[in-house]
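Here's the letter readout for the chains.
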Amino acid sequence: MNLAIRCEDLHVQLGGQEILRGIWLDIPRGCFLPIVGPNGAGKTTLLKAILGLVPITRGRIVTTEAVFRPAYVPQQKTIDPIFPVSLRQIVEMGLYPRLGWWKQPSLMDRRTVDRVLEKLGLIEHQNKTFGELSGGMKQKTLVARAFVMGAEVLLLDEPTSELDEPTETEILRILQELVKQEGRTVVLVHHGLHQAAALADCLCWIEHGLAALVNAKDLLAKKTPPMAFR
Amino acid sequence: MNLFHEFPDAVIAGLLIASACGLMGLWVILKRSVFVGITLSETALCGVALAYLLHIPAMAGALTLTLASVAVVAFPLEGSRLPRDTLLGLMFLLATSGAILLVARSGFGLIEIKALLYGDLILTSRRDLLVLAFVLVPVSLAQLLFARPILYAFLDRDAAWVMGIKVRFWQTFFFVGLGLVISLASKVAGAGLVFCYLIAPPAAALLCTRRLRSALILGIIFSSVSTLIGMSVSFRYDLPSNPTIIVLTVLLPAVIGGLRMIFQNG
């Protein structure tokens, strides 16, 4: 199997408490994988451990890429609306790995940004500041920034929380298209088990700091969380 | 007789301090670190007082204590039992009271103590000006040059880190620059005026524009213009320079905010 990310015996301890207790997980390339589980189970911690945002106490993350640079989509409330930056400037932040601190975006870079903004229906709002956008547009802006990065793997932390249902459906559809049309890998923390099961064939169920890949249909049929890995 | 002819060093020093603080103050406001600004200003003052007592150069005292405070401010406090604001509050109290206690032990007269605690731009010496120019110009240019990674590190810390931006480095880079500017500027212009420059002109700029670049430029223009007008008014009417500049500068965001409200409601 062509793997995007492998977690080997992943342990994470935060504030003296063990949040992840030995996670073994293979995430295939080109999959759409929602991470689901009860509150406080360690979903976001797992995502942040993969991103390198929290220190790993034991175990390791293995990736096939020489330089593993995924795109990270945080929750839209992460960005302080007081910043006088336009939607376009935030999306252009995704060019930083290519441009660094000094280079200006080339014509091709600007076209890439235009294309992504068009695709996500943001082009008309590109000059608005982040604070002027609706919750859905804010979240789409952060997804657009990840698209512009051109990363193979996208990791999203509850991208649809605090959004209304139509906006949530639209953002999830955009992400699924990304997997189907471009073969990218999308891993997202999701709060709704049933909605996640309707979106993907396979889910990552996480509970008590342990995780397992489970068949979404089986999970829905049994209406109970998987027990095998406990 | 004009102001520049009489006090050229004070005018240039005022413009240098106003520009550097107007520039860095924008980040202070955006990062919601206004309390950091006043705490570092007071710490610098305490350093000056300590320097007088120990008979060492005042700028050295200000610099040492301010950079020590920057080390505390830039230290990651995630998971700490106390919020950063509380720590800053404690530092502020210690610095303010410490400065008064230190000057009380120094044997200075009231005028000297007032000049020390509240500063006076008009008394800027040529030596002060040279030190200011030597430090403030490169620090300000560096902050402009590296505005992109600083913005990204402040805007979205985690995403910036994932993109390969050394968030902690750029945060420390900014705060060390801020510490240098505040410590040297506070010794010359006083903590009150420096704090005013850090807050009022960038606040006025943010009320005028929704673009970062314009806000940076406007912050510098507002602080410089209010300095020139404030110094001229104080010179013309024989008023103390610092309070005159402070009142005029603080009026800027108040007037702009008022005008905005009138036009929005109208």
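Criteria and thresholds
- Residue numbering note: each chain is counted from 1, following its sequence as written.
- Following the order in which they are written, the chains are lettered starting with A and the ligands numbered starting with 1.
- Reporting in this predicted model follows two pLDDT cut-offs: at least 70 for local features of residues, and 80 or more for side-chain atom pairs to be given and counted; totals over whole chains, interfaces and linings ignore these cut-offs and use all residues.
- Helix and strand labels come from DSSP, where a helix needs a run of H or I of at least four residues and a strand needs a run of E of at least two; each type is numbered from the N terminus.
- The exposure label follows from counting other C-beta atoms within 10 Å of a residue's C-beta, where the C-beta atoms are placed from the backbone and the thresholds are 20 or more for buried and 12 or fewer for exposed, leaving partly exposed in between.
- Contact between two residues is assigned when their C-beta atoms, built from the backbone, lie within 7 Å.
- DSSP bridges decide pairing: two strands pair if at least two such bridges lie between them.
- Only the stretch in contact is used when fitting a helix axis, every axis being a line fitted to C-alpha atoms; angles between N-to-C directions are given from 0 to 180 degrees.
- Just so you know how the angles are binned, under 35 degrees is roughly parallel, over 145 roughly antiparallel, 65 to 115 roughly perpendicular, and the rest oblique.
- By convention, the crossing between two helices is left-handed when the near helix turns anticlockwise from the far helix through less than a right angle, and right-handed when the turn is clockwise.
- Amino acids outside the nonpolar list (Ala, Val, Leu, Ile, Met, Phe, Trp, Tyr, Cys, Pro) and the charged list (Asp, Glu, Lys, Arg) are all regarded as polar, and Gly is one of them.
- Multiply 1.5 Å by the residue count of a helix minus one, and that product is the helix's expected span.
- Crossover handedness is defined by viewing with both strands directed away from the observer: a clockwise path from the first strand over the helix to the second marks the crossover as right-handed.
- In plain words, the nonpolar core is the set of buried Ala, Val, Leu, Ile, Met, Phe, Trp, Tyr and Cys residues that C-beta atoms within 7 Å link up.

Visitor: Quick one: what's the story with the overall build of chain B, residue by residue and with numbers?
Guide: For chain B, the helix and strand inventory stands at 13 helices and zero strands. Listing each helix as α and each strand as β along chain B from the N terminus yields α-α-α-α-α-α-α-α-α-α-α-α-α. For the C-alpha atoms alone, the extent of chain B along its principal axes is close to 55 × 50 × 35 Å. In chain B, which comprises 266 residues, the share counted as buried stands at 50%. Excluding contacts between residues fewer than 6 apart, the proportion of contacts in chain B whose partners are at least 24 apart in sequence is 74%.

Visitor: A description of the sheet that holds strand 8 (residues 202-207) of chain A should follow, citing residues and the corresponding values.
Guide: Residue and element names in this part refer to chain A. What the six strands build is an open sheet, ordered 5-6-7-3-8-9; its pairing is mixed. Pairing within the sheet leaves two strands with one partner each, and these edge strands are strand 5 (71-73) and strand 9 (210-215). When strand polarity is set aside, the average angle formed by the axes of neighbouring strands in this sheet is 20°. Its contacts with the sheet place helix 1 (residues 43-51) against strand 3 (32-36), strand 5, strand 6 (153-157), strand 7 (185-189), strand 8 and strand 9, and it is angled at close to 145° to strand 6. Strands strand 5 and strand 6 of the sheet are contacted by helix 5 (residues 135-149), whose axis makes an angle of about 180° with strand 5.

Visitor: I'd love a proper account of the packing of helix 2 (residues 8-30) of chain B against helix 11 (residues 191-208) of chain B, names of residues and values included.
Guide: Residue and element names in this part refer to chain B. For the pair helix 2 and helix 11, interaxial distance at closest approach is 7 Å and the crossing angle is 65°. Relative to helix 11, the element helix 2 is oriented roughly perpendicular. Our pair here, helix 2 against helix 11, has a crossing hand that is right-handed. Judged by residue contacts, Ile-17, Ala-18, Cys-21, Gly-22, Met-24, Gly-25, Leu-26, Val-28 and Ile-29 of helix 2 engage Val-194, Tyr-197, Leu-198, Ile-199, Pro-201, Pro-202, Ala-203, Ala-205 and Leu-206 from helix 11. Partitioned by chemical class, the residues of the contact of helix 2 with helix 11 number 16 nonpolar, two polar and no charged.

Visitor: Please provide a residue-by-residue account of the pairing of strand 1 (residues 3-14) of chain A, values included.
Guide: Two faces belong to every sheet, and in a regular strand the side chains alternate between them. All names here are of chain A. Summarising the sheet, strand 1 and strand 2 (residues 17-28) pair through nine bridges and their orientation is antiparallel. If you follow Ile-5 over to strand 2, its bridge partner there is Ile-27. Taking the residues that link successive antiparallel strands as the turn, the strand 1-strand 2 hairpin has two residues, and the phi of Gly-15 there is positive, at about 55°. Sheet analysis places strand 1 next to strand 4 (residues 58-63), joined by five bridges and oriented antiparallel. Across the sheet, Glu-8 pairs through a bridge with Arg-60, a residue of strand 4.

Visitor: For the interface of chain A and chain B, give the residues involved together with the corresponding values.
Guide: At the interface, 18 residues of chain A touch 21 residues of chain B. Looking at the side of chain A that touches chain B, its residues break down into 14 nonpolar, three polar and one charged.

Visitor: Give a detailed account of helix 4 (residues 58-74) of chain B, specifying residues and quantitative values.
Guide: All names here are of chain B. Taking 1.5 Å of rise per residue, 17 residues should cover 24 Å, and helix 4 covers 24 Å from first to last C-alpha, within 8% of that figure. Those residues of helix 4 that fall on the buried side of the exposure criterion are Ala-58, Met-59, Gly-61, Ala-62, Leu-63, Leu-65, Thr-66, Ser-69, Val-70 and Val-73. On its buried side, helix 4 packs onto helix 3 (34-54), helix 5 (84-106), helix 7 (126-145) and helix 10 (167-189).

Visitor: Just give me the short version of helix 10 of chain B, but keep the residues and values in it.
Guide: Residues and elements named next belong to chain B. Its 23 residues give helix 10 an end-to-end C-alpha distance of 32 Å, which sits within 8% of 33 Å, the value for a rise of 1.5 Å per residue. Among the 23 residues in helix 10, 17 count as buried, and that is most of the element. At the exit of helix 10 stands Gly-190, carrying a positive phi of roughly 90°.

Visitor: Now, about the sheet that holds strand 2 of chain A: what can you tell me, with residues and values included?
Guide: Sheet strands pair by backbone hydrogen bonding; their relative direction is either parallel or antiparallel. Residue and element names in this part refer to chain A. Taken in spatial order, the three strands of this open sheet run 2-1-4, and their pairing is antiparallel. With one partner strand each, in any of the chains shown, strand 2 and strand 4 form the two edges of the open sheet. For this sheet, the mean inter-axis angle between neighbouring strands, taken without regard to orientation, is 10°.

Visitor: Can you explain the packing of helix 12 (residues 212-237) of chain B against helix 13 (residues 241-265) of chain B? Please cite residues and give values.
Guide: Pairs of packed helices are described in terms of their axes, by the angle between the two and the distance that separates them. Residue and element names in this part refer to chain B. The interhelical angle for the contact between helix 12 and helix 13, taken along N-to-C directions, is 135°, at an axis separation of 8 Å. The orientation of helix 12 relative to helix 13 falls into the category oblique. In terms of crossing hand, the pair formed by helix 12 and helix 13 is right-handed. Taken together, the residues of helix 13 that come into contact with helix 12 (itself represented by Phe-222, Ser-223, Ser-226, Thr-227, Ile-229, Gly-230, Met-231, Val-233 and Ser-234) are Ser-241, Thr-244, Ile-245, Leu-248, Thr-249 and Leu-252. In the contact of helix 12 with helix 13, the residues fall into seven nonpolar, eight polar and no charged.

Visitor: Give a description of the pairing of strand 6 of chain A that names residues and reports values.
Guide: Residues and elements named next belong to chain A. For strand 6, the tally of buried residues reaches five of five residues, placing the bulk of the element in the interior. Here strand 6 shows a buried face lined by Val-153, Leu-155 and Asp-157 and a second buried face lined by Leu-154 and Leu-156. Where strand 5 and strand 6 come together, three bridges link them in parallel fashion. If you follow Ala-71 over to strand 6, its bridge partner there is Leu-154. Pairing analysis gives five bridges linking strand 6 to strand 7, with the strands arranged parallel. The partner of Leu-155 across the bridge, within strand 7, is Val-187. Considered for its hand, the β-α-β crossover made up of strand 6, helix 6 (residues 165-182) and strand 7 is right-handed.

Visitor: Which residues make up the environment of B:Gly14, and what are the values?
Guide: All names here are of chain B. By the secondary structure assignment, Gly-14 is in helix 2. For the pair Gly-14 and Gly-107, spaced 93 residues apart in the sequence, the C-alpha separation amounts to 29 Å. Residues within four places of Gly-14 in sequence aside, it is in contact with Leu-121, Thr-227 and Met-231.

Visitor: Can you tell me about the nonpolar core, naming the residues and giving the values?
Guide: All names here are of chain B. Formed by 160 residues in total, the largest nonpolar core has its most connected members in Ile-17, Val-181, Leu-184 and Val-194. Per element, the largest residue contribution to this core is 14 residues, and it comes from helix 2. When neighbours within four sequence positions are excluded, Leu-184 is seen to be in contact with Met-59, Ala-62, Leu-63, Val-131, Leu-132, Val-135 and Leu-136.

Visitor: Quick rundown of the environment of B:Ser69? Include the residues and the values.
Guide: Residue and element names in this part refer to chain B. With respect to the secondary-structure elements, Ser-69 resides in helix 4. Here Ser-69 falls in the buried class, since 27 other C-beta atoms lie within 10 Å of it. For the pair formed by Ser-69 and Leu-40, sequence separation is 29 residues and the distance between their alpha carbons is 6.9 Å. Setting aside residues no more than four positions away along its own chain, Ser-69 makes contact with Thr-39, Leu-40, Thr-43 and Met-91.

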